[in-house]
Amino acid sequence: MPDASAASVVFRHLAQGVHRYLAEWLRICSVYLGIAVIVTVSMGFALPGLRDQALQVHKALLTALAPTSVPSNVSSDQDGLLAGDLDADTGAAVALVVPDTPASNATGYLTPLPHPPAAVRPRPDVTANNAQLEALRNYISRKYKVAYDATGVLVNTSYKVGRDLKVDPLLLLAVIAIESRYNPFAESSVGAQGLMQVMTSVHRSKFDTLGTKNGALDPVANIRVGAGILKDCINRRGSVSGGLACYVGASGPNDGGYGDKVLAERRRLAVSSGIPLARD
């Protein structure tokens, strides 16, 4: 009889332990389920607001890309570019891209040179056909999550400005990739703004000359001003690598690896599109 009583006590304790374990497990599950419900409901309320903000940014970009900020001599099919990509009727707009902070704090600030610059050889124009430009647009759109229509504006502008200033368009596109990851609203901690991270406080007069309403945040104007600064830097330093160091604000040849990043991205752009690299 004592043995049966002891077994009953042991069984009762075991049953109580299992009951407590199941109760604790159910309590934990209910807590996590409640958290999941709260998060789901919160996201349901938050997402419409985020969508409205995205639409507002999209409209602002459409305004930035209006014809008033685009040079009058727009490229055509005869230039080897995609016709109409700079026309306001295309409805092109830059996608809502909000990357991390800009890859560098490029200032484009021209520091004095310790010695006269070396002579720069004239750069031959490197043309691209429509198929190559199409591949280039696809690469940029996929890698940097930019609206496909917007890449047409950026690529065409880079080629137009590149021809005007005798600067490799792929170099301009590579600088944009490293500086802002194609985010036209990017701004660094030192005030560099836009696609090519131009120091507005230093180069404001250049934007005023273009007559743009949005300054450095106008994608087309930013590329034109940034390309002019980069061209001046290359002329002053006598080479593309030296010009990139000057563009990022390095007073000497050591640019912290900035030039290598830009040139590596330029090679990737060339390989992905089949466009031959210009000789530096």
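Calculation notes
Residues numbered from 1 in each chain as written. Predicted model: local features only at pLDDT ≥ 70, side-chain atom pairs only at ≥ 80, totals over all residues. Heavy atoms only, no water. Helix = DSSP H or I, 4+ residues; strand = E, 2+ residues; numbered from the N terminus. Buried < 20%, exposed > 50% of the residue type's maximum accessible area, 1.4 Å probe, protein only. Contact = heavy atoms within 4.5 Å. Axes fitted to C-alpha atoms, helices over the stretch in contact; angles between N-to-C directions. Parallel < 35°, antiparallel > 145°, perpendicular 65-115°, else oblique. Left-handed = near helix turned anticlockwise from the far one by under 90°. Nonpolar A, V, L, I, M, F, W, Y, C, P; charged D, E, K, R; others polar. pLDDT = per-residue confidence, 0-100.

A. Structural view of the overall build of the protein. Each helix and strand counted, the protein has eight helices and two strands in total. For the protein, the N- to C-terminal ordering of α and β elements is α-α-α-α-β-β-α-α-α-α. Buried residues in the protein amount to 41% of all 280 residues. Taking contacts inside the protein between residues at least 6 apart in sequence as the whole, the part at least 24 apart equals 69%.

B. The packing of helix α3 (residues 148–165) against helix α4 (residues 169–180), seen in detail. Packing of α3 against α4 leaves a shortest axis separation of 8 Å and a crossing angle of 130°. Judged on the interaxial angle alone, α4 and α3 are oblique. In the crossing of α3 with α4, the sense of the turn from one axis to the other is right-handed. Touching Leu154, Val155, Ser158, Tyr159, Val161 and Gly162 of α3 are Pro169, Leu170, Leu172, Leu173 and Ile176, all from α4. Class assignment for the residues of the contact of α3 with α4 results in nine nonpolar, two polar and no charged.

C. Here's a closer look at the confidence of the model for the protein. Across the protein, the average pLDDT comes to 76, with 68% of residues at or above 70. Segment residues 66–105: pLDDT under 50, and 96 contacts once partners within four positions in sequence are set aside and those in other chains are kept. Scored below 50 in pLDDT, residues 108–124 makes 37 contacts in the model with residues more than four places away or belonging to other chains.

D. Representation of unusual backbone geometry in the model. One non-glycine residue, tyrosine 182, lies in positive phi territory at about 65°. One non-glycine residue with positive phi stands out, namely glutamine 197, at about 50°. Relative to the elements of secondary structure, glutamine 197 occurs in the loop between β1 (192–193) and β2 (198–199). Taking the relative accessible area as the measure of exposure, glutamine 197 reaches 0% and is therefore buried.

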